[in-house]
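# Results of the structural survey
For reference, the chains in residue letters:
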Amino acid sequence: NAGVTQTPKFQVLKTGQSMTLQCAQDMNHNSMYWYRQDPGMGLRLIYYSASEGTTDKGEVPNGYNVSRLNKREFSLRLESAAPSQTSVYFCASTEQGSSNQPQHFGDGTRLSIL
Amino acid sequence: AQKITQTQPGMFVQEKEAVTLDCTYDTSDQSYGLFWYKQPSSGEMIFLIYQGSYDEQNATEGRYSLNFQKARKSANLVISASQLGDSAMYFCAMRDPGGNKLTFGTGTQLKVEL
């Protein structure tokens, strides 16, 4: 009954370091998403993958790259971390085209960049 | 572009009382979906309730109901018989017609008091 699993849960990086956040879902969902949550700003979409083999930019894609490795896995990469990328990152998944189905979220990754 | 506005940064309610959390939205789309999520202090995002733009009846899920007023572009969450465990951050979100993107509001922090 795992749902959406994110790793790691916490990470501290130095400015300029690179890092990949991992996300896997076991619900056979087509669509996957990466959000960031900053205080007072709600969740903002970074990138999404509507289906295996496709990725698209969201509201705040700068400084990030993504890879839809297969139907289950969707990773987020910070190539050169900056303090402005300190945030809580959430991965989510849902059925594509099912407008009444909610997105299911992982527990989040707390990322601090010094 | 879609926009969600939650004007109540914080709310207090007495245990066993009902509380309404406000959400207004702006969109030029005819087809859209509205969601409410709960985020307790532990950080996970929990789906509460969904309302489709063409749904004629207000959605209900247990103690949660959604007061949907399409002409006023509002989708307020009503929690009946508040419990201490309802203390959390609550987010309103809207899905675009393509079903691929959620736009979140900034959230309302609810505190239930004895």
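Described in the following lines is the structure provided in the data block.

Secondary structure assignment for chain A yields zero helices and 11 strands. Helices and strands appear in chain A in the N-to-C order β-β-β-β-β-β-β-β-β-β-β. A compact globule built from 114 residues would reach a C-alpha radius of gyration of about 13 Å, and chain A, at 13 Å, matches this within 12%. The C-alpha extent of chain A, read off along each of the three principal axes, is 40 × 30 × 30 Å.

What follows is about the nonpolar core. Counting 24 residues, the largest nonpolar core has Tyr 25, Leu 34, Trp 36, Ile 49, Leu 77, Tyr 90 and Leu 110 of chain B as the members making the most contacts within it. Listing elements by their share of this core, those giving two or more residues are strand E3 (19–21), strand E5 (33–39), strand E6 (46–52), strand E8 (64–69), strand E9 (74–79), strand E10 (88–95) and strand E12 (108–113) of chain B. Top contributing element to this core by residue count: E10 of chain B, with four residues. Leave out the neighbours within four places in its chain, and Leu 77 of chain B touches Val 19, Thr 20, Leu 21, Trp 36, Leu 48, Ile 49, Tyr 64, Ser 65 and Tyr 90 of chain B. Counting residues in each nonpolar core, the second largest holds 20 residues, with Leu 76, Ala 81, Tyr 89 and Ile 113 of chain A among its members.

Time to look at the packing of aromatic side chains. Within the structure shown, the criterion is met by 16 aromatic pairs over all chains. Relative to Tyr 37 of chain B, the ring of Phe 105 of chain A has its centre 5.3 Å away and its plane inclined at 85°; by these criteria the two rings are edge-to-face. Placement of Phe 105 of chain A in strand E10 (residues 104–105) and of Tyr 37 of chain B in strand E5 is noted, with the two residues assigned to different chains. Side by side, Phe 105 of chain A and Tyr 37 of chain B carry an identical accessibility label, which is buried. Through pairs of rings, three or more aromatic residues link up here, namely Tyr 33, Tyr 35, Tyr 48, Phe 90 and Phe 105 of chain A together with Phe 35, Tyr 37, Phe 47, Tyr 50, Phe 91 and Phe 104 of chain B. Over the aromatic face of Tyr 64 of chain B sits the side chain of Arg 63 of chain B, whose NZ or CZ is 5.8 Å from the ring centroid.

Let's shift gears to the sheet that holds strand E8 (residues 74–78) of chain A. Residues and elements named next belong to chain A. Strand order in this open sheet of four strands is E1-E3-E8-E7, and the pairing throughout is antiparallel. Across the chains shown, the open sheet's two edge strands, defined by having one partner strand only, are strand E1 (4–7) and strand E7 (64–68). On average, each strand axis in the sheet is inclined to that of its neighbour by 15°, with strand direction left out of account. When E1 meets strand E3 (residues 19–25), the two strands line up antiparallel, connected through four bridges.

Facing the 17 residues of chain B at the interface are 22 residues of chain A. For the pair chain B and chain A, the summed buried area comes to about 1,600 Å², and 54% of that belongs to carbon and sulfur atoms. Where chain B touches chain A, the interface holds zero salt bridges. Taken together, the links from chain B to chain A amount to three residue pairs in polar contact (both at pLDDT 80 or more). With three residues, the top contributor of residues to the side of chain B that touches chain A is E5 of chain B.

Moving on to the state of the cysteines. The final tally for this structure, using the stated rule, is two disulfides over all chains. Here Cys 23 of chain A connects covalently by a disulfide to Cys 91 of chain A, the sulfurs 1.9 Å from one another. Where Cys 23 of chain A bonds to Cys 91 of chain A through sulfur, the torsion about that S-S bond is close to -75°, and the disulfide is left-handed. One end of the pair, Cys 23 of chain A, is in strand E3; the other, Cys 91 of chain A, is in strand E9 (residues 87–94), with 68 residues separating them in the sequence. Neither residue differs from the other here; Cys 23 of chain A and Cys 91 of chain A are each classed as buried. Two residues share a disulfide in this structure: Cys 23 of chain B and Cys 92 of chain B, whose sulfurs sit 2.0 Å from each other. Note on the Cys 23 of chain B and Cys 92 of chain B pair: the S-S dihedral is about -65°, so by sign convention the disulfide is left-handed.

In this section: the pattern of salt bridges. Residue and element names in this part refer to chain B. The full count for this structure, using the stated rule, is five salt bridges over all chains. Linking Lys 73 and Asp 26 is a salt bridge whose minimum nitrogen-to-oxygen distance equals 3.7 Å. Taken as a pair, Lys 73 in the loop between E8 and E9 and Asp 26 in strand E4 (residues 24–26) lie far apart in primary sequence, 47 residues in all. In this structure, Arg 63 engages Asp 86 in a salt bridge whose closest nitrogen and oxygen atoms are separated by 2.8 Å. Here the residue Arg 63 occupies a position in the loop between strand E7 (60–61) and E8, and Asp 86 occupies one in the loop between E9 and E10, the gap between them amounting to 23 residues.

What counts, and where the lines are drawn
- Residues numbered from 1 in each chain as written.
- Chains lettered and ligands numbered in written order.
- Predicted model: local features only at pLDDT ≥ 70, side-chain atom pairs only at ≥ 80, totals over all residues.
- Heavy atoms only, no water.
- Helix = DSSP H or I, 4+ residues; strand = E, 2+ residues; numbered from the N terminus.
- Rg over C-alpha atoms; globule rule 2.2 N^0.38 Å.
- Core = buried A, V, L, I, M, F, W, Y, C linked by side-chain atoms within 4.5 Å.
- Buried < 20%, exposed > 50% of the residue type's maximum accessible area, 1.4 Å probe, protein only.
- Contact = heavy atoms within 4.5 Å.
- Phe/Tyr/Trp six-rings, centres within 6.5 Å; stacked < 30°, edge-to-face > 60°.
- Lys NZ or Arg CZ within 6 Å of the ring centre and 35° of its normal.
- Pairing = 2+ DSSP bridges.
- Axes fitted to C-alpha atoms, helices over the stretch in contact; angles between N-to-C directions.
- Buried area = accessible area lost by both parts, 1.4 Å probe.
- Salt bridge = Lys/Arg side-chain N within 4 Å of Asp/Glu carboxyl O.
- Polar contact = N/O pair within 3.5 Å; in protein donor to acceptor, adjacent residues only side chain to side chain.
- Disulfide = S-S within 2.5 Å.

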